[in-house]
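# Geometric and topological summary
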Amino acid sequence: MTEQDLDLRLRARLDRLANAVPLAEAAQASTQVRRGPVVWVRGLPGRLTLAIGLVATVAVAVWAGGIGRPPGPASTNDQGIESVSIDGPFELTIRSTKAVYEADEPIEVLAALAYRGAAPGVVIFHGLGVAGGPLAFGVVEPVEVPGIGLVELVGGYRLSCVSSILDPAADMSEPFAKGGHPVDEGPGGPSFEEVQRYFSDRVLRLPPGTWHVYAVADFSVGGCGGERHSMQAELTIGVAAADGSIPTAPPPTPTADPGDLPIGADTQEGPIQLTLSSPHRDYRAGEAIDVIAGLGYWGDQPSVTTYGSSSLGPVAFWLRQLDGDVQTGSGGTADCVSQSVLRANEPVQLPFSKAALSVTGATGDFWQGWHGDPDLRLPTGTWEIGATTEFSLAPDCSVPGPVLRPSITIVVLP
Amino acid sequence: MEGAIVATRPIGDSLEDAFRAHRPWLVQRLALVVRDVDEAEDLAQVTFVRAAERWPFPPEQDVARWLAVVGLRLAIDERRRRRRWGYLPIRDGDETWAMKVDPDLWRALGTLDRRTRAALVLTVLDGYTQDEVAEAFGVPRGTVSSWLARGRERVRPLLEVRGR
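Residues numbered from 1 in each chain as written. Chains lettered and ligands numbered in written order. Predicted model: local features only at pLDDT ≥ 70, side-chain atom pairs only at ≥ 80, totals over all residues.

Turning our eyes to something else, we now look at the overall build of chain A. When its secondary structure is counted, chain A shows 3 helices and 28 strands. Residues classed as buried in chain A amount to 39% of the 414 residues present. Contacts in chain A between residues at least 24 apart in sequence constitute 71% of all its contacts with a sequence separation of at least 6. (Helix = DSSP H or I, 4+ residues; strand = E, 2+ residues; numbered from the N terminus. Buried ≥ 20, exposed ≤ 12 C-beta atoms within 10 Å, placed from the backbone. Contact = placed C-beta atoms within 7 Å.)

What follows concerns the overall build of chain B. Helices and strands together make up the secondary structure of chain B, namely 9 helices and 0 strands. Moving toward the C terminus, one meets the helices and strands of chain B in the order α-α-α-α-α-α-α-α-α. Relative to its 164 residues, chain B shows a buried fraction of 45%. Taking the contacts inside chain B whose residues are at least 6 apart along the sequence as the reference set, 63% of them involve residues at least 24 apart.

Residue and element names in this part refer to chain B. An ideal rise of 1.5 Å per residue puts 16 Å on 12 residues; helix H7 (residues 114-125) measures up with 15 Å between its terminal C-alpha atoms. Within H7, 11 of the 12 residues are buried, which leaves the element mostly enclosed by the surrounding structure. Of the residues making up H7, those classed as buried are Arg115, Thr116, Arg117, Ala118, Ala119, Leu120, Val121, Leu122, Thr123, Val124 and Leu125. (Expected span 1.5 Å × (residues − 1).)

Following both chains from N to C, one finds helix H1 (residues 3-20) of chain A and H7(B) inclined at 110 degrees, their axes separated by 9 Å at the closest point. Judged by the inter-axis angle, H1(A) sits roughly perpendicular to H7(B). Across from Asp7(A), Leu10(A), Arg11(A), Leu14(A), Asp15(A) and Ala18(A) in H1(A), the residues of H7(B) making contact are Val121(B), Val124(B) and Leu125(B). A class-by-class count of the residues in the contact of H1(A) with H7(B) yields 6 nonpolar, no polar and 3 charged. (Axes fitted to C-alpha atoms, helices over the stretch in contact; angles between N-to-C directions. Parallel < 35°, antiparallel > 145°, perpendicular 65-115°, else oblique. Nonpolar A, V, L, I, M, F, W, Y, C, P; charged D, E, K, R; others polar.)

Here we come to the environment of Asp282(A). Looking at the secondary structure, you find Asp282(A) in strand E18 (residues 282-284). Taking the C-alpha atoms as reference points, Asp282(A) and Ile410(A), 128 residues apart in sequence, are found 6.0 Å from one another.

Given a rise of 1.5 Å per residue, 18 residues ought to cover 26 Å, and the 25 Å separating the end C-alpha atoms of H1(A) matches this to within 8%. What H1(A) keeps buried is the set Asp7(A), Arg9(A), Leu10(A), Arg13(A), Leu14(A), Leu17(A) and Ala18(A).

The next thing to look at is the pairing of strand E24 (residues 348-351) of chain A. All names here are of chain A. Side chains Val348 and Leu350 of E24 all project onto a buried face; the interleaved residues Gln349 and Pro351 project onto the opposite face, where all are buried too. Sheet topology note: the strand E19 (residues 292-297)/E24 ladder contains 4 bridges and is antiparallel. Directly across from alanine 293, in E24, lies its bridge partner leucine 350. (Pairing = 2+ DSSP bridges.)

Moving on, we get to the packing of helix H1 (residues 15-34) of chain B against helix H2 (residues 37-54) of chain B. Residue and element names in this part refer to chain B. It is at 8 Å that the axes of H1 and H2 come closest, and there the two elements cross at 140 degrees. Considered as vectors, H1 and H2 are oriented oblique to each other. Where H1 crosses over H2, the two elements pack in a sense that is right-handed. Contacts between H1 and H2 involve Leu15, Phe19, Arg23, Leu26, Val27, Leu30, Ala31 and Val34 from the first element and Val37, Glu39, Ala40, Glu41, Leu43, Ala44, Thr47, Phe48, Ala51 and Ala52 from the second. (Left-handed = near helix turned anticlockwise from the far one by under 90°.)

This part takes up the nonpolar core. Ranked by internal contacts, the top residues of the largest apolar core, which has 77 residues, are Leu30(B) and Ala75(B). Tallying contributions element by element places H1(B) first for this core, with 10 residues. The contacts of Leu30(B), once residues within four sequence positions are left out, are Ala40(B), Leu43(B), Ala44(B), Gly71(B) and Ala75(B). Counting residues in each nonpolar core, the second largest holds 49 residues, with Ala112(A), Val183(A), Ala215(A) and Val216(A) among its members. (Core = buried A, V, L, I, M, F, W, Y, C linked by C-beta atoms within 7 Å.)

Turning next to the sheet that holds strand E10 (residues 149-153) of chain A. Residue and element names in this part refer to chain A. Taken in spatial order, the 3 strands line up as E9-E10-E13 in an open sheet, and their pairing is antiparallel. Two strands close off the open sheet at either side, each with one partner strand: strand E9 (143-145) and strand E13 (180-182). In this sheet, adjacent strand axes meet at a mean angle of 30 degrees when their direction is disregarded. Pairing analysis gives 3 bridges linking E10 to E13, with the strands arranged antiparallel. The residue of E13 that forms the bridge with leucine 153 is glycine 180.

Here the focus is the confidence of the model for chain A. Residue and element names in this part refer to chain A. Of all residues in chain A, 74% attain a pLDDT of 70 or more, and the chain-wide mean is 73. Highest mean pLDDT in chain A belongs to strand E6 (residues 109-115) (91); lowest belongs to strand E1 (residues 41-42) (22). Here residues 26-77 is a poorly scored stretch, pLDDT under 50, and it has 122 contacts once near neighbours within four places are set aside; other chains count. Counting interchain partners and residues more than four positions distant, the pLDDT-below-50 stretch residues 249-256 has 16 contacts. (pLDDT = per-residue confidence, 0-100.)

Right, let's get into the sheet that holds E19(A). Consider a sheet: its strands pair through backbone hydrogen bonds, and that pairing is either parallel or antiparallel. All names here are of chain A. As summarised here, the arrangement of the 4 strands in space is E16-E17-E19-E24, forming an open sheet in which the pairing is antiparallel. In this open sheet, the two strands that pair with only one neighbour each are strand E16 (263-269) and E24. Pairs of neighbouring strands in the sheet enclose a mean axial angle of 15 degrees, with direction left out of account.

So, about the pairing of strand E26 (residues 381-392) of chain A. Residues and elements named next belong to chain A. Of the strand pairs in this sheet, strand E20 (residues 303-308) and E26 are connected by 2 bridges, and their pairing is antiparallel. Residue pairing in the sheet places glycine 308 in a bridge with phenylalanine 391 of E26. With 6 bridges connecting them, strand E21 (residues 316-321) and E26 associate as antiparallel partners. In the strand pairing of E26, alanine 316 is matched with threonine 388. Across 6 bridges, E26 lies against strand E28 (residues 407-413) in antiparallel orientation. If you follow tryptophan 383 over to E28, its bridge partner there is isoleucine 410. Sheet analysis places E26 next to strand E27 (residues 403-404), joined by 2 bridges and oriented antiparallel. Bridging across to E27, threonine 389 finds its partner in leucine 404.

Further remarks concern the confidence of the model for chain B. All names here are of chain B. When the pLDDT values of chain B are averaged, the result is 77; 80% of them are 70 or greater. In the predicted structure, residues 1-11 sits below a pLDDT of 50 and forms 23 contacts with residues beyond four places in sequence or in another chain. Note that residues 82-92 has pLDDT below 50 and, in this model, 22 contacts with residues that lie over four places away or in other chains. Across the assembled chains, the prediction reports ipTM 0.85 with pTM 0.40.

And the structure:
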């Protein structure tokens, strides 16, 4: 079959698949009206998660019996506790109806975001937490769940950006909502149905132990990507064992192999950002190593033009064997011939490229995985993989620009 | 853009017109790439917000092309994907729409990475050239060629055997 024939058949079948995608009703402006404190939400997604900003957050923990005091026995405690985080005119409060619960008793935790400023209201832009609002919840310690194993409850958002009006007269409150993932998500891990059943049950129950339960409010003011506010408030909650004691030993630690977790490096100079990431740290020998650089411009101009010394583009890659002698150059040339346009807020994703890399210290094992293979495969060992961007914003390269050099360490196992 | 659905569809000048005209095909393509209709809807929304920030586009701007490029760039944005990994959506992992129509192709596409699926969608389904895809994703043309070669080889047995 010729390539053209193959493409024709593939196109017909892709077209059938595409036409089968179940489309939701198109979102309209002012699509959602929420009852209660959240006055109005409209469909206006954006780049909330890409906003960059620092805020000073003050957290105050208030225990019923004194600041910072650990929970006492269950029989002596029936008062609520709360913790408040303050960021300018915003307050994030997390409350629990009790400081100490019985094992598997529903944990009643509520968080509220409040605006204490002088304006009649403020529009905040945020992603959607699990409960559909601007708040997300989590538990610092992984939780042992029967039938599933360890679960990490982490406050997370879907990447949408909706807006809500925060009214000084009415706090925006939400009960604890579960979001997260099992620690063991591999083939031998829990079934999707078991995990879904756990997360669909809105009630939080915890085994005996000392737990740090938190709420997060991550939003911006002035539009998606505007002035960012990131607040977290945390409670310490005790769950008593049958004898009334509260285990003080640390809860079980995750068994997830750190080698399976995503890794990344993030560097920034002014509005220019260069990131480098890989879905996991550990690879098997012969496995294609997935490394991607992201070059972004987050400034006020619609775009900038970069002028550089590499004919391959604004980012050059390099690698170095940490437990051996192999290393590469970064493939740059000494002239000023290359130019690229970086559009604001649209980072370009660049997979690792071997092009023009000069290699030193390599043996036969290395070359077997290097030539004639578009993917990056490396022999057993520990490797530092890096990306470098060094360019000028002046057409003749006369003015030095940012120099960014993130790197990550990859382990190739036998 | 040869073969693009939107090319023959007359639309008005407003962003709302563009949204109505372009959103369906954009979600469809994003769903083929990210294999999740909800995520595709999210990505389409983000793409239209980016468009709203620039609207109105100059007359010479190919709106469909802009949307496709920005949407698919977002779809393969590693940082955004990593953020999603920390969140388990509470919903069914519903792939029945695809499994009913073409389970073999759906599974075969699932063995490819997102950028390869994106390159296949842009070139095979929408008729972009390899040079255009390379420019869109900021990679050398040879890289796109290798993605496409890998993608075609993965689906070739399927198309040769079944030939439908």
